[in-house]
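A structural walkthrough
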Amino acid sequence: MAYAVIGKIRMAYSQLINYAEQLNASMVDLQIASGLTYNNIKSMMLDFNDLAKTVGKSTLEVANAANDWLRAGYEGQEASELTNASMHLSTLGMIDSSQATSYLISVLKGWKIEASEVMEVVDKLTAVDMAAAASAGGIAEAMSRANNSAQMAGVSMNKYIGYLTTIMDVTQKSESSVGESMKTVFSRY
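Description of the structure in this document. None of the values given here were measured: they were computed from a predicted structure. (Residues numbered from 1 in each chain as written. Predicted model: local features only at pLDDT ≥ 70, side-chain atom pairs only at ≥ 80, totals over all residues. Heavy atoms only, no water.)

Here we come to the side chain of T101. Within the secondary structure, T101 sits in helix 5 (residues 97-111). Leaving out residues up to four positions away in the same chain, T101 has contacts with A65, D68, W69 and S86. (Helix = DSSP H or I, 4+ residues; strand = E, 2+ residues; numbered from the N terminus. Contact = heavy atoms within 4.5 Å.)

Mapped onto the elements, S106 comes out in helix 5. Judged by its relative accessible area of 17%, S106 falls in the buried class. A polar contact is formed between the side chain of S106 and the side chain of N147, at a distance of 2.9 Å. Sequence-distant contacts of S106, that is, excluding residues within four places in its chain, are made with W111, S144 and N147. (Buried < 20%, exposed > 50% of the residue type's maximum accessible area, 1.4 Å probe, protein only. Polar contact = N/O pair within 3.5 Å; in protein donor to acceptor, adjacent residues only side chain to side chain.)

On to helix 3 (residues 59-71). Taking 1.5 Å of rise per residue, the 13 residues of helix 3 would be expected to cover 18 Å, and the 18 Å separating its terminal C-alpha atoms lies within 8% of that figure. Within the span of helix 3, buried status applies to T59, L60, V62, A63, A65, A66, N67, W69 and L70. Where helix 3 ends, the next residue or the one after it, G73, has phi of about 105°, a positive value. (Expected span 1.5 Å × (residues − 1).)

Further remarks concern the environment of T101. A relative accessible area of 1% places T101 in the buried class. The spacing of T101 and H88 is 13 residues in sequence and 10 Å in space, taken between C-alpha atoms.

At a minimum axis separation of 8 Å, helix 7 (residues 136-152) and helix 9 (residues 175-187) run at an interaxial angle of 15°. Accordingly, the angle class assigned to the pair helix 7 and helix 9 is roughly parallel. Helix 7 and helix 9 meet at a crossing whose hand is right-handed. Contacts from G138, E141, A142, R145, A146, S149 and A150 of helix 7 reach helix 9 at E175, S176, G179, E180, M182, K183 and F186. A breakdown of the residues in the contact of helix 7 with helix 9 according to their chemical character gives five nonpolar, four polar and five charged. (Axes fitted to C-alpha atoms, helices over the stretch in contact; angles between N-to-C directions. Parallel < 35°, antiparallel > 145°, perpendicular 65-115°, else oblique. Left-handed = near helix turned anticlockwise from the far one by under 90°. Nonpolar A, V, L, I, M, F, W, Y, C, P; charged D, E, K, R; others polar.)

Next comes the structure, spelled out in structure tokens:
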């Protein structure tokens, strides 16, 4: 019995060391992407920890999302708002935070919207999630397949979300399949 307890303590200690190494690597990545000092990054990590507690994610996930936004060209307050939106979409849409970030980058670029408007998109996705048999994460994935095509075809984002949700709700097809189908439809416009 004592050996089992010691084994579990060693495993927990090993996991703790591994997590600390991952956090340190993430801090270095953030420092490179942002050009900030180590002390600034430490301060950011405390903010990331607070956000992680709020949305039920790990500090590492929040830091990785922030790094993705920084590498996508967003800085300062914009990157902070976008990281917050990624974490909320990740939690509410039940998807990985890196996927949430990727989908939101697609929304920003495809619809040419401002960073300050992204949380409104997350709100729309989660509202539809509650009303239909389609998840916010699934709708975001489907959207990412044809955001630019829908925008160029003159379809509003609200209608696009409605089209995707209705198709997904009725057909129960995969998100990627529905998104690709919409891209084909819009390319014919």
